[in-house]
Amino acid sequence: MTIYVLGLPLSLADRFHPDYWILAMNFIRNAWYAACQSQQVRSGEMFHRVLLEEPVVFYRKQDGSLVALRDRCPHRFVPLHLGKLQGDEIECGYHGLRFDCTGSCVSNPHGDNKTQESARVQSYSAHDRYGLVWIWMGDAPADSTRIPHYGLHDADSNYQVVSGYLHVGANYLLMADNLLDLSHLMYLHDGLLGDRDQAGAKQVVQEDEQGRLVCRRWMPNSKVPAVFDLLYRRDQKLVDMWTEIRWMAPSYFWFDGGVHEPQRGEREDHGWWYGQHLLTPETKSTTHYHFAAALPPGTQLDENDKATFAEMRRFAFAEQDKVMLEAQQAALGDSDFWAMKPALFSVDAAPVRMRRAVERLVNAEIAEGGVQP
Ligand code: FES
Ligand SMILES: [Fe+2]
């Protein structure tokens, strides 16, 4: 197994170099991550973004298929996106070496015109799905069947999907804590997504045999928060409300939440939605956040209502969660989360299990490489 760091093959000894661990620690690598929106990678152009602390450049071959390469020339390390796309190849903007879609150096315009096997750029598997580009940055073979299934986005789905993106200046695990502990709806999003009177809600956390976590809350006879009121009856009468959030490694979340008539016992054809939340680490302290809500076919929203729904969610994520998470990251700085000895309460049950699961998966990947941290 060959590992490349900064475009160079990494020996076993190299892996003990602290820089390697700065690059490689803490992220699950053998997994698909949402890299960007498919429409951001346009024909004839390059799109670049840092993912898992590695610069990556994307482009489309002339047949429309995706290419993802490390965005760093192995000659003098300039970003390849500063060069030119020449057909299906990138020509480095500095001295003109050319690389094909596998990262091989296929042309050297200078001197003896020789190319070298070592002048190779790391390539990654990438796929379009659900309007997003998915990337695999691990050593294990990329298996496209492991891209999480979000069939609500399929063209023949009757669900109305509203999606968005945020760049958040916080570690992705702080964001995962936030999504797995929905007790914050009652305070941070009081009146909008939750109500402080729901704080006594019973919480159930379960883990299945594949290590997926689900955290459920049931809040009978609640005041109806504004987003749910918009989708339900707009009469502000009491409702029964539920939230359920599922986590799957590395950082996929599935939300199911809504309201119905008190004591009805089952959901109605509106008043709820499924949410998709995808966290992709950019660096240790910044995250690409893709999110979407899928409204069921019974939801009656005109275009204004739909815009209000999207704006309420944007406000919650951008003006409330993001502000709190970035302040939290600033307070933590470079400190290790556990070394800070966080106080733990019952609401932390799911986040703590998630963090332990991530640690196990990261350590398993390291062990598979025959290296101990
Ligand atoms: S830095 Fe890319 S060809 Fe020299
Ligand atoms: Fe939130």
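Relevant structure appears above.
Residues numbered from 1 in each chain as written. Chains lettered and ligands numbered in written order. Predicted model: local features only at pLDDT ≥ 70, side-chain atom pairs only at ≥ 80, totals over all residues. Heavy atoms only, no water.

Trainee: Is there a simple way to think about the sheet that holds strand β7 (residues 84–86) in this case?
Mentor: Strand-to-strand pairing in sheets goes through backbone hydrogen bonds, with the strands running parallel or antiparallel. One open sheet accounts for 4 strands, arranged β7-β8-β9-β10; its pairing is antiparallel. The two strands at the open ends of the sheet, each matched to only one other strand, are β7 and β10 (105–107). In this structure, strand β9 (residues 98–99) lies alongside β10, joined through 2 bridges in antiparallel fashion. Looking at the pairing, F99 lines up with C105 of β10. (Pairing = 2+ DSSP bridges. Helix = DSSP H or I, 4+ residues; strand = E, 2+ residues; numbered from the N terminus.)

Trainee: Where do I start with the coordination of the iron ion (ligand 2) in this structure?
Mentor: Under perfect tetrahedral coordination by four donors, a metal shows angles of 109.5 degrees; under perfect octahedral coordination by six donors, it shows angles of 90 or 180 degrees. On the protein side, the iron ion (ligand 2) has H184 (NE2), H189 (NE2), D321 (OD) and D321 (OD) as donor atoms, found 2.1 to 2.3 Å from it. Of note is the iron ion (ligand 2), whose 4 donor atoms meet at the metal with angles of 57 to 148° in an arrangement that counts as irregular. Mapping the donors of the iron ion (ligand 2) onto the primary sequence gives the spacing H-x4-H-x131-D. Accessibility classification places H184 together with H189 in one group, the buried group. (Donors = N, O, S within 2.8 Å, 3.2 Å for Na, K, Ca; no water. Tetrahedral: all angles 85-135°; square planar, octahedral: opposite > 155°, others 65-115°. Buried < 20%, exposed > 50% of the residue type's maximum accessible area, 1.4 Å probe, protein only.)

Trainee: Please explain the environment of V41 as it appears in this structure.
Mentor: Positionally, V41 belongs in the loop between β3 (32–37) and β4 (47–51). In this structure the C-alpha to C-alpha distance between V41 and Y59, which are 18 residues apart in sequence, comes to 5.9 Å. Excluding residues that lie within four positions of it along the chain, V41 makes contacts with C36, F47, F58, Y59, R60, L66 and V133. (Contact = heavy atoms within 4.5 Å.)

Trainee: Before we go on, may I ask you to explain the packing of helix α2 (residues 172–180) against helix α4 (residues 303–332) in this structure?
Mentor: For any two helices packed against each other, one specifies the inter-axial angle together with the distance between the axes. Orientation of α2 relative to α4, taken along the N-to-C sense of each, is 135°, at an axis distance of 10 Å. One finds that α2 runs oblique with respect to α4. For α2 against α4, the interelement crossing comes out right-handed. Each of L174, M175 and N178 in α2 lies in contact with α4, whose residues at this interface are D321, L325, Q328, Q329 and L332. (Axes fitted to C-alpha atoms, helices over the stretch in contact; angles between N-to-C directions. Parallel < 35°, antiparallel > 145°, perpendicular 65-115°, else oblique. Left-handed = near helix turned anticlockwise from the far one by under 90°.)

Trainee: Can you walk me through the packing of aromatic side chains in this structure?
Mentor: Between two aromatic rings, the relevant description is the distance of the centres plus the angle of the planes. For the structure on display, the rule yields 17 aromatic pairs. Summarising the aromatic geometry, the rings of F291 and F317 are spaced 4.8 Å apart at their centres and angled 75° between planes, so their arrangement reads as edge-to-face. Of this pair, F291 sits in strand β19 (residues 286–295) while F317 is found in helix α4, placing the two residues 26 residues apart along the sequence. Here F291 matches F317 in class, with each residue buried. Sitting above the plane of the W272 ring, R267 keeps its charged end 4.5 Å from the centroid. (Phe/Tyr/Trp six-rings, centres within 6.5 Å; stacked < 30°, edge-to-face > 60°. Lys NZ or Arg CZ within 6 Å of the ring centre and 35° of its normal.)

Trainee: Explain unusual backbone geometry to me, please; I cannot follow it from the model alone.
Mentor: Most peptide bonds are trans, and most residues other than glycine sit at a negative phi. With an omega of 0°, the peptide bond between A249 and P250 qualifies as cis. Mapped onto the secondary structure, P250 falls in the loop between β16 (239–248) and β17 (252–260). Positive phi, close to 60°, is recorded for N113, a residue that is not glycine. Position of N113 among the secondary structure elements: in the loop between β10 and β11 (123–129).

Trainee: Looking at this structure, I do not really get the pairing of strand β15 (residues 213–222). What am I missing?
Mentor: Two faces belong to every sheet, and in a regular strand the side chains alternate between them. Of the pairings in the sheet, the one linking strand β14 (residues 202–207) to β15 comprises 6 bridges and is antiparallel in character. From the neighbouring strand, K202 faces β15, where its bridge partner is W218. Hairpin geometry of β14 and β15 is characterised by an intervening segment of 5 residues between the two adjacent antiparallel strands and by a positive phi of about 85° at G211. By the bridge criterion, 8 bridges tie β15 to β16 in an arrangement that is antiparallel. Residue pairing for β16: V214 is matched across the bridge by R246.

The quantities given are spatial measurements derived from coordinates; they are silent on function.
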